[in-house]
Amino acid sequence: MKPHSGTLVVDISREKAEHYEAVYQCTARNKHGTAVSNNIVVRQSRSPLWSKERIKPIVVHEGMSLVLPCRPPAGLPPPIIFWMDNNFQKLPQSSRVSQSLNGDLYFSNVLVEDSRNDYICYARFPHTQTIQQKQPITVKVINLDALNDTMAAFYNDTDLFSDDPLEERKPTFLIPSGPSSSKMVLRGQVLELECIAEGLPTPEISWSKRSSVLPVERTSFPHYQKTLRIVNVSQSDEGEYRCTAKNRLGSAQHAIHVTVRAAPYWLAGPPRNLVLAPRENGVLTCRAGGTPKPAITWTVNGVPIENAPKDESRKVEGDSIIFTEVQTDSSAVYQCNVSNDYGYLLSNAFVNVLSESPRVLTPSNKVYQVIKNHQALMDCASFGSPVPKITWFKESRSSTLDGDPYVVHDNGTLGIHVAQVRHSGKYTCVAQNFFGNYENHVYLEVKEPTRILKQPEYKVVQRGRSVVFECRVKHDPSLVPSTTWLKDKEELPEDKRLTVESDSLTIADVTEDDAGVYTCIANTTLDRDSASAELTVVEATPTPAVAYEQPDAPTDLELTDLKKRSVQLTWTPGDEHSSPIQKFLIQYQDSLHHRGHWHNLTEVPGTKTTAHLKLSPYIHYTFRVLALNAVGFSRPSAPSRMYRTEPAAPDENPTGVHGFGTEPDNLVISWKPLSGLQSNGPGLHYRVMWRRKKVESDWTSVTVSNYTQFVVSGTPTFVPYELKVQAINDHGAGPEPDVAHGYSGEDLPLTAPQNVRYEVQNSTLAEVRWDPVPPREMRGILKGYKVYYRREHALHKHNPHHVEEHVLTFSGNRSHGLLPGLRPFSRYAFNVRAFNGRGEGPASSTHRFETPEGVPGAPSFLMVTDPNPDSFTLEWSPPHERNGHVLGYTLKYQPVNNSNEVGPVMEMALAPNETSLTLLNLKYNTRYKFYLNARTGSGEGPAISQEAVIIMDEARPVSPFGNLSSSVGEEGALISWEYWGSEKNVYVEYIVENSDGEDEWQKEFVNGSQNVVLKNLKGGLSYRVRVVASGHRDQPLHHSEELLVKFPAVASRQVDIATQGWFIGLMCAIALLILILLIICFIQRNKGGKYPVKEKEDAHTDPEFQPMKEDDCTFGEYSDNEDHKPLKGSRTPSNGTVKRDDSDDSLVDYGEGEDGQFNEDGSFIGQYSGKSVSRDTGEGPERSEAPSPINAMNSLNSFV
């Protein structure tokens, strides 16, 4: 039995469940009597196995009926039956094939496709969640036509069976059998009647009830009409039911007589408890029905009433017990048992003989609110024994309220059919019996009804316009109304075009979808009123194009309904200028505090011309209105007259009150001050109040002005305070301020964390734990803890002594933390400190711990020395970070071929004191890769690697380069090679052959390839070229053999300059300069001057010097009388040659001399300087030397 409970718990894990199968009943007792429960039947759920049986195959002719039995084992509760195949798929069912209520599978007629060997019946036992399987049933359907064809082959094509198709037949019932049957069902249960017929074609089943109709709400026809199912059966369902099976050959009927029986049921509920006063009378009734009529027996406190102690005050009469002048000892619990063949009812009823003075259960001073002209009900629920008598009074108790308009109900409730305002007031109900009386007061308030005075009206509006529905409500002043709008009896859609206000609904930019019926509903907590109007939307009529402008300013501003905190502002809108006004903006100016500054106050829709404005005290208001349409805002209206609100005490107090300390002995109280608009009057100042929290002390206060904080000095360190800041002006104080909380200043923690301990997790991680510092020792808000730790030294004698300081911060109220990143095999020291907002407290005692060994670091270096044709010497140094005792080294090495493919790995274990090793019997001309790592007791550390190549002989190391070659092209010299070395840094060096020792080799990097083009070589020179591979700094360079590359001189390309643009331009410039020169010469000759050339020629004695002739272009003598003639040159000799000696000076010859210059007037100055070089003339009259552009340029330069 569970303690403090009536629940019985049975542990069946140690014994068989069958031992607890029984009927249980619970009995509850106390000094007032005994109550008993209904019988509780406990039985074990069972799911027995299917009996083993051998099922022979069933052979049936096509078209015949068939029944496959299931017959599952009996279980508790009964199993659920279903048919499936070997693949656990449900077998298809239809009007031809269906499962009966007992689980058998019925075929009205079989088809060839019904042949199968896996008809399996399954039984699922729901309580044990197990499924049992019957042995599969094999069904073979024989087709007579096929059998006839087979037999005809053996009997000379003689038909043994008729060729007629399958014989059709009218329906007959498989179940139930016979022309009629009967069925009994209990009231309230489910009636299931079943009819399954066979026949060909498949019959159809229908149901009917004789002399009545089937109850449609409770009737269904599952299993393809083969079952009639009626739920919640009543006595009216008794009668004769008929099922009819019908196909085209005929029909069959079966009558089922249904009898309805009933287990006992209560007619007026179970017996009720009785509370009687001494010498009162009472009746305990146990009235029930059932078929057959149930028997009623009584027990008292669980004992049959005939065996119970006699009580003269009670008398049993049928289904009732009558009590007459009961006494106190007549209290008992009576049990009524009603039973028949189909069940029983058991109910307990407590007869309590009690002497109790009256009590009223309705809460005192309860307020009842009703609407005028409605019914009012005021409760006076009471308790007492005997039952108290209720009397009502109003106000002065001049008379009882027992006549019109008052009605006192049996339960003590006072009613007023039509309540009026005069009925409001205080009411008193008095409960009275033999043992005293009790009064209770309630109040009735009769409210005025809510009415819509201005109802919305029918509207016709053009699409795109705005529409306003008004809904002005009158209500009782003490009730707060709310207005709700509906469209077509549904909530308004979410649309920004719809604006709902307290007394109107505005729809802007109306569309066709807005048409409908709009309903205004005014609600209060007691009543409601509603009114509706329809909106019709029509197409907008076309109007001529108009010019849209801003609206004119509103006019005629008027202030009405002047109150202390509000005012009504009305105005007249200005001209809209063909664009509807969308809204009005109301602004105000405070001439007292901010003269000349206009502030936005509120906005109202463009359909309104009145606004109710809420105001603040101590403001000199002036209002103006602006109108807005689609074009923009209008000009402001003329200001309204000034309205001065009277000063008043502040309505609110400062916000953001905080308390904190800047020193250990002070408290700073800060707040957000009120604005001038919030001050409500002159002389604003603040009353600052504080007191210790959780200490019975009075508030300390101080008054300050023009400050936003106040500093309280001399406070204890970090003590909680309650704070208040109240606004005060010359007209009074603001409301009672809310209490804020804060702390005085913090100080450093007094004590260090105690019970510090540690646990080394592994070689690099340790956990530190401590006991938190008590809050009273923190002297502030705990921010967290800091762990200071340092590495004092390594535990290995070879590692140096050094100290590394670290700090880890753990925020919040932590009591443990992890120290990561420790060095293995080291000694650490640490301490813990708490810190708050002020700083850190004292450190705990220093603790030390040692980390275990870890894996070592890589050896400091690994190098290959003393290379020989078949051996290497390896040298190394121990790791810098040993992290423990080095137990030895592991050396692994393997050969690597030219394509970087590795060979087998050789491994050697070396002693810890070894630092060098010579490897013998290695393959020459082979590259090896070496890996060396150290190990401690914790394992092996990372490896260091190195590569080396076995040399061919001792005198010269083997080069990793081969097949060095070159080819010269237009882009440069292509250098190619093969490389099998390990170094990644490969480049090409080149230098001019036979260069002196000061020249440096030029480098060209190759970026991993095995060829490069040298582009910076000069033509006509030879170069020495080699390939270099470099490794680490301490490794030698690998050079290839040098290669001599000759880079030929590049021949100048023959280009026809006559077609070049630059040459054509140059020639044009020269021609222009010569023309200018000739013009200057003629000008000088016309002036009568002589050229110095003429004088030079006159003094010349060379007989071969002749004047220039036109034929040979040589110079002739100049004469004054020929100045006006053009120059002539000499003719070409008959042999076709032109002879030119030293006297044949030309302009070109003069131009090449250093002194050959023109003076300012264009004549030559200086002596002839230089002689022309003799030229070989070609043979033949047509071979003449072409003029050189270079010489022409030189001549031009000398002229210029």
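Let me begin by describing the structure that accompanies this report. All values derive from a computational prediction rather than experimental measurement.

### Remarks on the overall build of the chain
1) Next: Assigned secondary structure in the chain consists of 7 helices and 89 strands.
2) Next: By residue count, 37% of the 1200 residues in the chain fall in the buried class.
3) Next: A sequence separation of at least 24 residues applies to 63% of the contacts in the chain between residues at least 6 apart.
4) Next: With the model as given, the accessible surface of the chain reaches about 69900 Å², and the carbon-plus-sulfur share is 50%.

### Description of the packing of aromatic side chains
1) Next: Here the structure, examined in full by the defined rule, presents 25 aromatic pairs.
2) Next: With a centroid separation of 5.5 Å and 5° between ring planes, the pair formed by Y621 and F623 is classed as stacked.
3) Next: In this structure F623 comes out as buried when scored by relative accessible area, which is 0%.
4) Next: Judged by centre distance (5.4 Å) and plane angle (50°), the ring pair of W770 and Y785 falls under tilted. Of the two residues, W770 sits in strand β66 (residues 765-771) while Y785 sits in strand β67 (residues 782-794), which places them 15 residues apart along the sequence. You'll find W770 and Y785 in the same group, each marked buried.
5) Next: Put simply, the rings of Y758, Y828, F830 and F849 pair up and form one aromatic cluster.

### Overview of the sheet that holds strand β36 (residues 406-408)
1) Next: With respect to topology, 3 strands assemble into an open sheet ordered β33-β37-β36, the strand pairing being antiparallel. The open sheet has two edge strands with one neighbour each: β33 (376-378) and β36. Neighbouring strand axes in the sheet, compared pairwise and without regard to direction, differ in orientation by 20° on average.

### Some details on the pairing of strand β85 (residues 1021-1030)
A regular strand places its side chains so that they alternate between the two faces of the sheet.
1) Next: The element β85 is largely enclosed, with a buried count of 8 among its 10 residues.
2) Next: As paired strands, β85 and strand β87 (residues 1043-1047) are joined by 5 bridges and run antiparallel to one another. Among the inter-strand pairings, R1024 is bridged to a residue of β87, identified as L1044.
3) Next: In this structure, β85 lies alongside strand β86 (residues 1038-1039), joined through 2 bridges in antiparallel fashion. From the neighbouring strand, A1029 faces β86, where its bridge partner is H1038.

### Examining the pattern of salt bridges
1) Next: Applying the stated criterion to the full structure yields 44 salt bridges.
2) Next: For R169, the salt bridge identified is with E198, shortest N-O distance 2.9 Å. Placement of the pair is R169 in strand β13 (residues 169-175) and E198 in strand β16 (residues 196-200), with a sequence separation of 29 residues.
3) Next: For R833, the salt bridge identified is with E840, shortest N-O distance 3.5 Å.
4) Next: Looking at R833, the relative accessible area reads 23%, which means it is partly exposed.
5) Next: One network of salt bridges, in which partners are shared, links R790, E792, R827, R848 and E850.

### Topic: the state of the cysteines
1) Next: If you walk through the whole model with that rule in mind, you get 5 disulfides.
2) Next: With a sulfur-sulfur separation of 1.9 Å, C70 is cross-linked through a disulfide to C121. One disulfide, between C70 and C121, carries an S-S torsion of -65° and so falls in the left-handed class. Of the two residues, C70 is situated in the loop between β6 (66-68) and β7 (80-84) and C121 in strand β10 (residues 116-125); the sequence distance between them amounts to 51 residues. Residue C70 shares its accessibility class with C121, and that shared class is buried.
3) Next: Paired through a disulfide, C286 and C336 show a sulfur-sulfur distance of 1.6 Å. Its S-S torsion of about -70° marks the bond between C286 and C336 as left-handed, since a negative value means left-handed. Of this pair, C286 sits in the loop between β23 (282-285) and β24 (288-291) while C336 sits in strand β29 (residues 332-340), and the two are 50 residues apart along the sequence.
4) Next: For C286, a relative accessible area of 0% corresponds to the buried category.
5) Next: Residue C336 is classed as buried on the basis of its relative accessible area, which comes to 0%.
6) Next: If the cysteines joined by disulfides in the chain are listed in sequence order, their pairing comes out as 1-2, 3-4, 5-6, 7-8, 9-10.

Scoring rules and cut-offs
Residues numbered from 1 in each chain as written. Predicted model: local features only at pLDDT ≥ 70, side-chain atom pairs only at ≥ 80, totals over all residues. Heavy atoms only, no water. Helix = DSSP H or I, 4+ residues; strand = E, 2+ residues; numbered from the N terminus. Buried < 20%, exposed > 50% of the residue type's maximum accessible area, 1.4 Å probe, protein only. Contact = heavy atoms within 4.5 Å. Areas by Shrake-Rupley, 256 points an atom, 1.4 Å probe, with all protein chains shown as cover. Phe/Tyr/Trp six-rings, centres within 6.5 Å; stacked < 30°, edge-to-face > 60°. Pairing = 2+ DSSP bridges. Axes fitted to C-alpha atoms, helices over the stretch in contact; angles between N-to-C directions. Salt bridge = Lys/Arg side-chain N within 4 Å of Asp/Glu carboxyl O. Disulfide = S-S within 2.5 Å.

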